[in-house]
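Working through the structure, step by step
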Amino acid sequence: MRSARTTDRFARGAPCFAALIVALSGPALAQSQAETPGAHAPPKAHETDAALSALIPDAAVADPQGWALDTDAAHHAPDPATLPDVSALDGTPMPAIPGLTIAWPDSFDAPPIDLLTPDPDIDAAATVARDAGAVLDAAMPRGGWRGPLGADALVRHAGPGIDLVFPPGTVLPEMDDLADRFEGLSSLHTLGRTTDNLAQMTRRARDDVDLLLQILRMYGYYDAEVSENLVGLSSDAVIIQTAPAKPRKGRPAAAAITVRFEIVPGARYPLAAIALGDVAQSPDKTLLLTALKLKTGDPANTETIQAARDRLIDELGHIGYAFNKVGDPALSVDHAALNADLDIPAIIGGKYVFGHVTSSLPQFLNARHLQRIARFRAGRIYDRRLVDDFRQGILQTGIVGGVKIVPRETVAPTPTAPGVADIDVALTKGPQHSVTLQGGQSSGQGFYIEGSWEDRNKFPPEGMVGARGILGTREQLAGLTFRKSNFLARDQSFTADVYAQAQTTDAYNAHTLSATITLAKTSTLIFQKRWAYSFGFEVIATQELLAGSPPNSPFTTYFIAALPMKFGFDGSNNLLDPERGVRAAITVQPAISIQDGPKSSYVMTQFDGSTYQSVGHGVVLAERVRFASINGTSLVNIAPSQRLYAGGGASIRGYGYQDVGPKDASHNPVGGLSVAEFSLEARVKTGLMGGALSVVPFLDSGTAGATPTPTMRGAKFGAGLGVRYKTTFGPIRVDVGTPLNPSPGDSRIGVYIGLGQAF
């Protein structure tokens, strides 16, 4: 009916449309015919094709509208006056329309509809499915919270107002780790809940659902389901808060709400198969699989898998495979079989030995010097761990801004012999000059400022020259230093130092010139040495006067030659801020002293030891002992500056510098031939200032003796409290101590400021 009507409208409108075309085109066509010179002449731009003009009748040109209406449809169309008025219909049957033979719809009688009888089997199955779904929804949320889990569920708190809920009897080995990870990454926990509205809380809870699913998949639970539920939600809640708060005007207080994440972990997928590329055909297959520490049946834990890949790469590089390529792990999860297949694509190539070291900046750090830094030699089996150590050793020089080390094949491996890989070192220069400035203050030593300047590569490679100075209330110093780092061997330095110094202490006044040369291997901030040593030769010319000497007493001149030697062991875990381990050092210094004619010789020996133990969360106990002795001559033959003293910030806190030990009649210290010291302190982290601030209660004791044998007879005790502020370069130390059994003239308070722990 619709198509018939649509077609009919198009037929009736066609004459009018044709008439319009002819009416608009007629004059132009007539003009075109009049101006056409011939039927076969090519038309001009303004002419109409003559063949088209010949198709238009003359009647259409003379009377376009009349010609258009002269059609059969127009002659037989009904008179509009005879058509019914549709707007006037009142429910009576519409009169027949001439030419219309199809009955109206209201004349049809629709047949009755018979309802289908339910199939008994289908109805029973639907009932069982509904009952089973209700039970399943109560026990296991699916696609949204359907719980809650029962009162016997396992609940882990992951922050204020946030609970992780597991079905009763859930055994999840990673539960503690899951809770810690979630707490650290949770949107609800990180962004806070005290000012959230319901929409924000709901959105963050849904984000946390995705986070929990991601963490569970990481552990191998690929069928886990998580739903969130808001517990304690009231109809008038506007603000979400975790503690009662005073209602604000115009904003009602909300009841406390707990977000419960109901977690059904499902089965933990094991690894069904492990593919490792070329490893299966390698002669070192057993060694590589041992390093992998991953086998079929292990959980499909992505962290464990990534760690296994890293171990495989490390072992390949460690046993000579210099150009191995290990791709990213890929897991194929089979939800039907409840397991996963692992593929770690590995192309291991052949084995290599080290070749020669080359330098991109031979005038800066030449290949010979770089080879000295390396802990490998040509011909040794390639080891990427040694290459990484080589990189750190180059950076430790302090003159390199960047380094890139790349092995380069020079001889290809064969089935019977390894290849050779040269080591190309690309260097970038770092800052060659440095300026440092530091200061401190302590009782007995006063205030001081120390500065230094260095050119670390004035004489390449690694030939440093520097100047330093101290300006203080009791000490002034100016010195020059030359140091050759990595001298003859890795981490070994040769140092030549000269300085002039003036000191005023409670024990003596001294004006000293000194020159020292030292060969040493000591710890650095990058490489903390387990064993260290130093050998030196020192000459000193000094004029000194005891502090208690009568007025206008002359200074005594001493010429001293000494051979200082030190051997140390460091088993601590950190150079500047140790928390566990043991340190020990022995110093032996034979010397010859010439004092305005008389000559004497003696040997100073000293033992230092310290231990560190973590005894609780954020608490470290540290203990220190020191014993020293001078043997071979009497006290009067030893320059005051070379005698042994106790007291001060690095000795017995609470007392002034050098103030513990033998004294003259005026209570001025005169030094001794022995020292015995003991210290105990607890370093307690407070959690303040981002965990950087610690408090340190301490107790020190000891004395200096007049005989070469160390003794605690007449020992002094000092106690106090310190603070430490941890920085990237070590802790800043402030200690305040007081003497527990002071002598006449001792100060009641000692203050000590410095860098690093006291010991």
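Residues numbered from 1 in each chain as written. Predicted model: local features only at pLDDT ≥ 70, side-chain atom pairs only at ≥ 80, totals over all residues. Heavy atoms only, no water.

**As for the overall build of the protein**
For the protein, the count of helices and strands is 13 helices and 31 strands. Every one of the 759 residues in the protein was classed for burial, and the buried ones make up 37%. When contacts within the protein are restricted to residue pairs at least 6 apart in sequence, those whose partners lie at least 24 apart make up 58%. Surface accessibility of the protein: about 41,500 Å² in total, with carbon and sulfur atoms responsible for 61%. (Helix = DSSP H or I, 4+ residues; strand = E, 2+ residues; numbered from the N terminus. Buried < 20%, exposed > 50% of the residue type's maximum accessible area, 1.4 Å probe, protein only. Contact = heavy atoms within 4.5 Å. Areas by Shrake-Rupley, 256 points an atom, 1.4 Å probe, with all protein chains shown as cover.)

**A few points about the nonpolar core**
Within the largest apolar cluster, 27 residues are counted, with the highest numbers of intra-cluster contacts made by Leu 164, Leu 178, Phe 182, Leu 212, Val 226 and Phe 261. Elements that contribute at least two residues to this core include exactly strand E2 (162-166), helix H7 (175-185), helix H9 (198-219) and strand E6 (258-264). Residue contributions to this core peak at ten residues, all from H9. Filtering out sequence-adjacent residues up to four positions away, Leu 212 remains in contact with Leu 164, Leu 178, Phe 182, Val 226, Phe 261 and Ile 263. (Core = buried A, V, L, I, M, F, W, Y, C linked by side-chain atoms within 4.5 Å.)

**As for the sheet that holds strand E12 (residues 352-359)**
The strand order across the open sheet formed by three strands is E12-E14-E13, and the pairing between neighbours is mixed. The open sheet terminates on both sides in strands that have one partner only, identified here as E12 and strand E13 (400-411). Across the sheet, the axes of successive neighbouring strands diverge by a mean angle of 25°, strand direction being ignored. Two elements, E12 and strand E14 (residues 419-429), share six bridges in a ladder whose sense is parallel. Across the sheet, the residue bridging to Val 357 is Ile 423, located in E14. Its contacts with the sheet put helix H13 (residues 384-396) on E12, E13 and E14, and the angle it makes with E13 is roughly 145°. (Pairing = 2+ DSSP bridges. Axes fitted to C-alpha atoms, helices over the stretch in contact; angles between N-to-C directions.)

**Some words on unusual backbone geometry**
That bond from Pro 460 to Pro 461 is cis: its omega, -5°, falls within 30 degrees of zero. By the element assignment, Pro 461 lies in the loop between strand E16 (446-455) and strand E17 (463-472). Of note in this structure, Leu 488 is not a glycine but carries a positive phi near 65°. Mapped onto the fold, Leu 488 is located in the loop between strand E18 (475-484) and strand E19 (493-504). The class for Leu 488 is exposed, based on a relative accessible area of 60%. The backbone of Asn 552 shows a phi angle near 65°, a positive value even though the residue is not glycine. Looking at where Asn 552 falls in the secondary structure, it is placed in the loop between strand E21 (531-546) and strand E22 (556-562).

**Focus on the packing of H7 against H9**
The description of two helices packed together rests on the angle between their axes and the distance between the axes. For the pair H7 and H9, the least separation of the axes is 11 Å and the interaxial angle reads 140°. The angle between H7 and H9 falls in the class oblique. Once H7 is placed against H9, the crossing between them reads as right-handed. Along its contact with H7, which presents Asp 177, Leu 178, Arg 181, Phe 182 and Leu 185, the element H9 presents Asp 208, Leu 211, Leu 212, Ile 215, Leu 216, Met 218 and Tyr 219. When its residues are assigned to classes, the contact of H7 with H9 shows nine nonpolar, no polar and three charged. (Parallel < 35°, antiparallel > 145°, perpendicular 65-115°, else oblique. Left-handed = near helix turned anticlockwise from the far one by under 90°. Nonpolar A, V, L, I, M, F, W, Y, C, P; charged D, E, K, R; others polar.)

**Section: the packing of aromatic side chains**
Counted according to the given criterion, the structure contains 13 aromatic pairs. Ring plane angle 40° and centroid distance 5.6 Å describe the contact between Phe 487 and Phe 494, whose orientation is recorded as tilted. By relative accessible area, Phe 487 is classed as partly exposed at 27%. Its relative accessible area of 27% is what places Phe 494 among the partly exposed residues. Considering the side-chain rings of Phe 535 and Phe 567, the 5.6 Å spacing of their centres and the 80° angle between planes classify their relative orientation as edge-to-face. (Phe/Tyr/Trp six-rings, centres within 6.5 Å; stacked < 30°, edge-to-face > 60°.)

**Some remarks on the sheet that holds E6**
An order of E1-E2-E6-E4 is seen for the four strands of this open sheet, with the pairing classed as mixed. The two strands at the open ends of the sheet, each matched to only one other strand, are strand E1 (154-157) and strand E4 (225-231). Across the sheet, the mean angle separating the axes of adjacent strands is 25° when strand polarity is ignored. As defined by bridge partners, E2 adjoins E6 across four bridges and the pair is classed as parallel. The residue of E6 that forms the bridge with Ile 162 is Val 259. Contacting E1, E2 and E6, H7 runs over the sheet at an angle of about 150° to E2.

**Some thoughts on the side chain of Gln 501**
Along the polypeptide, Gln 501 turns up in strand E19. At a separation of 2.6 Å, a polar atom in the side chain of Gln 501 contacts the side chain of Glu 475. Excluding residues that lie within four positions of it along the chain, Gln 501 makes contacts with Glu 475, Gln 476, Leu 477, Ala 510, His 511 and Thr 512. (Polar contact = N/O pair within 3.5 Å; in protein donor to acceptor, adjacent residues only side chain to side chain.)

**Notes on a nonpolar patch on the surface**
Side chains of Leu 688, Met 689, Tyr 725, Phe 729, Ile 732 and Leu 755 sit close together on the surface and give an oily, nonpolar patch of about 590 Å² of accessible area. Take Leu 688: it is sitting in the loop between strand E27 (674-685) and strand E28 (693-705). Using a relative accessible area of 49% as the deciding quantity, one classes Leu 688 as partly exposed. (Patch = residues over 30% accessible without salt bridge, like charges linked within 9 Å, V, L, I, M, F, W, Y side chains within 5 Å. Salt bridge = Lys/Arg side-chain N within 4 Å of Asp/Glu carboxyl O.)

**With respect to the confidence of the model for the protein**
Predicted confidence across the protein gives a mean pLDDT of 82, with 76% of residues reaching 70 or more. Residue range residues 1-48 is modelled with pLDDT below 50. Its contacts to residues more than four positions away, or to other chains, number 23 contacts. In this model residues 234-255 is a low-confidence stretch, pLDDT under 50, and it forms 35 contacts with partners more than four residues away in sequence or in other chains. (pLDDT = per-residue confidence, 0-100.)

**Re the environment of Val 231**
Relative to the assigned elements, Val 231 resides in strand E4. Owing to a relative accessible area of 36%, Val 231 belongs among the partly exposed residues under this scheme. The sequence separation of Val 231 and Val 259 amounts to 28 residues, and the corresponding C-alpha distance is 6.2 Å.

**What about helix H10 (residues 285-292)?**
Taken residue by residue, H10 has Leu 288, Ala 291 and Leu 292 as its buried positions. Projected down its long axis, H10 shows its buried positions confined to an angular sector of 105°, all on one face. For H10, exposure combined with an orientation more than 90 degrees from the buried face picks out Thr 286 and Thr 290. Residues of H10 that are buried make contact with helix H11 (302-318). (Arc of directions from axis to C-beta.)

**Focus on the pairing of E22**
Looking at chain direction, E21 and E22 are connected through seven bridges and run antiparallel. Looking at the pairing, Ala 541 lines up with Phe 559 of E22. Pairing analysis gives five bridges linking E22 to strand E24 (residues 581-595), with the strands arranged antiparallel. Bridge pairing in E24 places Ile 560 opposite Ser 593.

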